[in-house]
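Observations on the three-dimensional arrangement
Given next are the chains, with one letter for each unit.
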Amino acid sequence: MTNESPRVDSEVGPLRAVLLHRPGNELTRLTPRNNDKLLFDSIPWVGRAQEEHDAFAEVLRGRGVEVLLLAEVLREALADPRAHAAGVHAAVDDRRLGEDLGDALRSHLSGVDAATLTEVLMAGLTFEELPAAEGASLVRKIHHPHDFAVDPLPNLLFTRDSSVWIADRVAISSLAMPARRRETALLDLVYAYHPRFSHASRAYGAHSAPVEGGDVLLLAPGVLAVGIGERTTAAGAESLARSLFADDIAHTVLAVPIAQARATMHLDTVCTMVAPDAVVMYPLARDELVAFTLRPDGDGSLRVDGPQPFLHAAAEAMGIEKLRVIDTGLDPVTAEREQWDDGNNTLALAPGVVVGYERNVETNARLADAGIEVLAIAGSELGSGRGGPRCMSCPVVRDPIG
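Residues numbered from 1 in each chain as written. Predicted model: local features only at pLDDT ≥ 70, side-chain atom pairs only at ≥ 80, totals over all residues. Heavy atoms only, no water.

**Here's the deal with the packing of aromatic side chains**
This is how the line gets drawn: Pairing of aromatic side chains requires ring centres within 6.5 Å, counting the rings of Phe and Tyr and the six-membered ring of Trp. Pairs whose planes differ by under 30 degrees are stacked, by over 60 edge-to-face, and all others tilted. For the purposes of this entry, the term helix denotes a DSSP run of H or I that reaches at least four residues, the term strand denotes a run of E that reaches at least two, and both are numbered from the N terminus. Only protein chains enter the accessibility calculation, which uses a 1.4 Å probe; a residue is then buried when its area is under 20% of its type maximum, exposed when over 50%, and partly exposed in between.
In this structure the tally under the stated criterion is three aromatic pairs. Ring geometry for Trp165 and Tyr191: centres 5.5 Å apart, planes at 85°, overall edge-to-face. Taken together, the residues Trp165 in strand E5 (residues 163-166) and Tyr191 in helix H9 (residues 183-193) connect sequence positions 26 residues apart. Overall, the relative accessible area of 2% leaves Trp165 in the buried class. Aromatic ring contacts, followed pair by pair, group Trp165, Tyr191 and Phe197 into a single cluster.

Here you go:
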């Protein structure tokens, strides 16, 4: 592991280090009874999902990207006794288990090693798997053995959402959906206790108004777009903007309302950057997206202008004449299909080089026609949680755009 200091100023600067999560036992916890609650559209074939993810990671490594795996860095962080104690605290919910059972589980987890605690934090624990305890417990008796005493976190796969690096600071997301809220506790542990991140400052806290990383696009140094929809609230976008302005790591934040729907849960499901002056974009969003422009007013408060068309506001904030737009699909049906299959959710490895799902044939062809190199990966199982290559990656180090 290199010691290059974390810093990300754009979406497309050459990628040097990235945080991924290889699918694990948390996905084996998905059943037809719980997959909707846990935000998956189907039950993934876990072995194939792992193969697809391994291939994704190898594409990145093949382009010189250092791949950090969440399970490994979490385990390394939990070697610190302070992190281990915080991890036990994050795992046990007395409101669900009651005080006695909660105490018994805390006592048990306090004695396990870092690898075991990592597995519990990610894959959860059923009542059947709880350690035996003296005395009767109504909570234990009334729950089915396969009910979760500690919920699994199958959405850990999407590392983009739970944290995002903005300049040299990390924003720990405040996740909106109940199935995902405990993810931020794991990222908090990693960024607080792992030696790689020991000097990292925070740009935003997990206990603030909801903001998710999939809604945050770093359009240019100092310029961000933040989607407001199903996952990120207007209060969250405003709070993030105020924090970035106070830290002097951004001068403009574009707040972009998006449809509150499963197909468009984050801004990066309808628009991602593929070059310093180009985006791939869902055609319907091209004409419909607007932006409110937030800037500091010089007196510690905000100035809010707009709304105006997103593409115009973005170009103006970025100081360029216009943003090139590569539409998803050639016709409305193809566009809608490929948007659902994360055709717009590309990960840039460098200006003009992106990773995309191979299934989005039309979108990838249009990108290639526009001079964008597409590294296509399989995603038949990875996509069952509705997320593409950008969703599955948290850039930690990017070089400046030359």
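**A short note on helix H3 (residues 70-77)**
The periodicity of an α-helix, 3.6 residues per turn, causes residues three or four positions apart to be oriented the same way. What counts, and what does not: This arc corresponds to the set of directions leading from the helix axis out to the C-beta atoms. We call two residues in contact when some of their heavy atoms are within 4.5 Å.
Leu70, Val73, Leu74 and Ala77 are the residues of H3 that are buried. Buried residues in H3, looked at end-on, bunch into an arc of 100°, giving them a common side. In the core, the buried residues of H3 are packed alongside strand E1 (15-20), strand E2 (66-69), helix H4 (81-91), helix H6 (114-123) and H9.

**Overview of the sheet that holds strand E17 (residues 353-357)**
Worth spelling out the cut-off: If DSSP finds at least two bridges between two strands, the strands pair. Angles shown run from 0 to 180 degrees and are taken between the N-to-C directions of axes, each axis being a line fitted to C-alpha atoms and, for helices, limited to the stretch in contact.
Taken in spatial order, the three strands of this open sheet run E16-E17-E18, and their pairing is mixed. The open sheet terminates on both sides in strands that have one partner only, identified here as strand E16 (347-350) and strand E18 (373-377). Averaged over all pairs of adjacent strands, the angle between their axes in this sheet comes to 30°, without regard to strand direction. Bridging between E17 and E18 involves five bridges; their strand directions are parallel. If you follow Val354 over to E18, its bridge partner there is Val374.

**Concerning the UniProt feature "active site" (unreviewed entry) in the protein chain**
Rule in force here: UniProt positions are given in the numbering used here, feature names are shortened, and annotations may be inferred rather than shown by experiment.
Mapped onto this numbering, the UniProt entry gives "active site" (unreviewed entry) at Cys391. As for its position among the elements, Cys391 is in the loop between E18 and strand E19 (394-398). A relative accessible area of 2% places Cys391 in the buried class. Each residue touching Cys391, except ones within four places of it in the same chain, is listed here: Leu157, Phe158, Thr159, Arg160, Asp268 and Asn345.

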